[in-house]
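Examining the three-dimensional arrangement
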Amino acid sequence: MAARLVKAFLPRRRMVQPAPTPPPCPFEKRFPSQLVRDDVFFMSLAYNQAIDAWRRDEVPIGCVIEREGEIIAMAHNTVEAAHDPTAHAEMLAITQAAAAIGDWRLENCTLYVTKEPCPMCSGATLMSRLQRVVYAVGDPKMGCLGGATDLNARPAANHHLELTRGVLEKPCRDLIRAYFQLKRREE
C-alpha cells in the first residue's frame, strides 16, 4: 500500500520530443557598408536578425534600435524558445535599449523592424517615447501603426512617432512569405 502511495506522488516522466528542425533558410544575410548609416543600413541589420530567427525556427522578424547612428539594441523573435508570447523582436530590443542608455525614455532613438508592429509592440513603441519607427512590411491584419489600425494617429495620445514605411519591403516580405510557405508544407 505504501509503495502505491509513493508511486502515485512521484512525478511522471514525460517523453521529451526532439525539437523540430527548422526548414533551411534559403536567404543570405546582407552586408551593408558601414560608411552610410541610413535607413537601408539599419533595416539590413534587422533583416539579418530575421534570418537568425528563421534559423532558430522562430517567425522571422528582426529589430534594431539606433541612437545617434550607433546600434544600441538588436533582437529577433524568441516566442517559441522562451515560451513567452511577449518575446517579440521589438519588445526585446526596447528592453535592451532601455538598459543600454539607462532610461526607459528612448528619445532620439529609431526602431527598425522587418514587419509592422502588432498591438503590443506598437503600444511599447509609443510608451517608450521612441522618436521614430521604420518598418519594412505592413500588416493589414494585426499592424497597429497604419495597418489594421493606427495607435500613433490617436489625437489623445501624449506621444507621437515619426513613421517610415516600406524600407527593404520586398526582401523582408519574401523572407516572411517563404518561411510560412515552408512551414505549411511541413504540416
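One can find the structure itself at the top, above this paragraph.
Remarks on the overall build of the protein
Helix and strand counts for the protein come out as six helices and five strands. Secondary structure of the protein in N-to-C order comes out as α-α-β-β-α-α-β-α-β-β-α. Taking all 187 residues of the protein together, the buried fraction comes to 43%. For the protein, restricting intrachain contacts to residue pairs at least 6 apart in sequence, the fraction spanning at least 24 positions comes to 58%.

What about the packing of helix H4 (residues 89-101) against helix H5 (residues 119-127)?
Between H4 and H5, the least distance of the axes is 9 Å, while the angle of their chain directions is 25°. Taken together, the axis directions place H4 and H5 in an arrangement best described as roughly parallel. The hand of the H4/H5 crossing is left-handed. Contacts from Glu 90, Met 91 and Ile 94 of H4 reach H5 at Met 120, Cys 121, Ala 124 and Thr 125. Per-class residue counts for the contact of H4 with H5 are five nonpolar, one polar and one charged.

Some thoughts on the sheet that holds strand E2 (residues 70-76)
Taken in spatial order, the five strands of this open sheet run E2-E1-E3-E4-E5, and their pairing is mixed. Two strands in the sheet have a free side with no partner beyond their single neighbour: E2 and strand E5 (162-165). Strand after strand, the sheet turns through a mean of 15° between neighbouring axes, direction not considered. Here strand E4 (residues 132-137) runs beside E5; their pairing, made up of four bridges, is parallel. Each residue of the ladder has a partner; that of Val 134, found in E5, is Thr 164. Contacts from helix H6 (residues 169-186) reach strand E3 (109-115) and E4, with the element oriented near 60° to E4.

A few points about the packing of helix H2 (residues 39-55) against H6
Close contact between H2 and H6 brings their axes to 11 Å; oriented N to C, the two are set at 10°. Put simply, H2 runs roughly parallel to H6. Contacts between H2 and H6 involve Tyr 47, Ala 50, Ile 51 and Trp 54 on the former and, on the latter, Pro 171, Cys 172, Leu 175, Ala 178, Tyr 179 and Leu 182. Its residues assigned to classes, the contact of H2 with H6 shows ten nonpolar, no polar and no charged.

A closer look at unusual backbone geometry
In most cases, non-glycine residues show a negative phi, while peptide bonds are predominantly trans. In this structure, Glu 68 takes a positive phi of about 55° despite not being glycine. The residue Glu 68 is located in the loop between strand E1 (62-67) and E2 in this model. The class of Glu 68 is exposed, set by a relative accessible area of 69%. Positioned with a positive phi, His 83 is a non-glycine residue whose angle comes to about 50°. Tracing the chain through its elements places His 83 in the loop between helix H3 (79-82) and H4. Given a relative accessible area of 71%, His 83 falls into the exposed group.

Criteria and cut-off values
Residues numbered from 1 in each chain as written. Predicted model: local features only at pLDDT ≥ 70, side-chain atom pairs only at ≥ 80, totals over all residues. Heavy atoms only, no water. Helix = DSSP H or I, 4+ residues; strand = E, 2+ residues; numbered from the N terminus. Buried < 20%, exposed > 50% of the residue type's maximum accessible area, 1.4 Å probe, protein only. Contact = heavy atoms within 4.5 Å. Axes fitted to C-alpha atoms, helices over the stretch in contact; angles between N-to-C directions. Parallel < 35°, antiparallel > 145°, perpendicular 65-115°, else oblique. Left-handed = near helix turned anticlockwise from the far one by under 90°. Nonpolar A, V, L, I, M, F, W, Y, C, P; charged D, E, K, R; others polar. Pairing = 2+ DSSP bridges.

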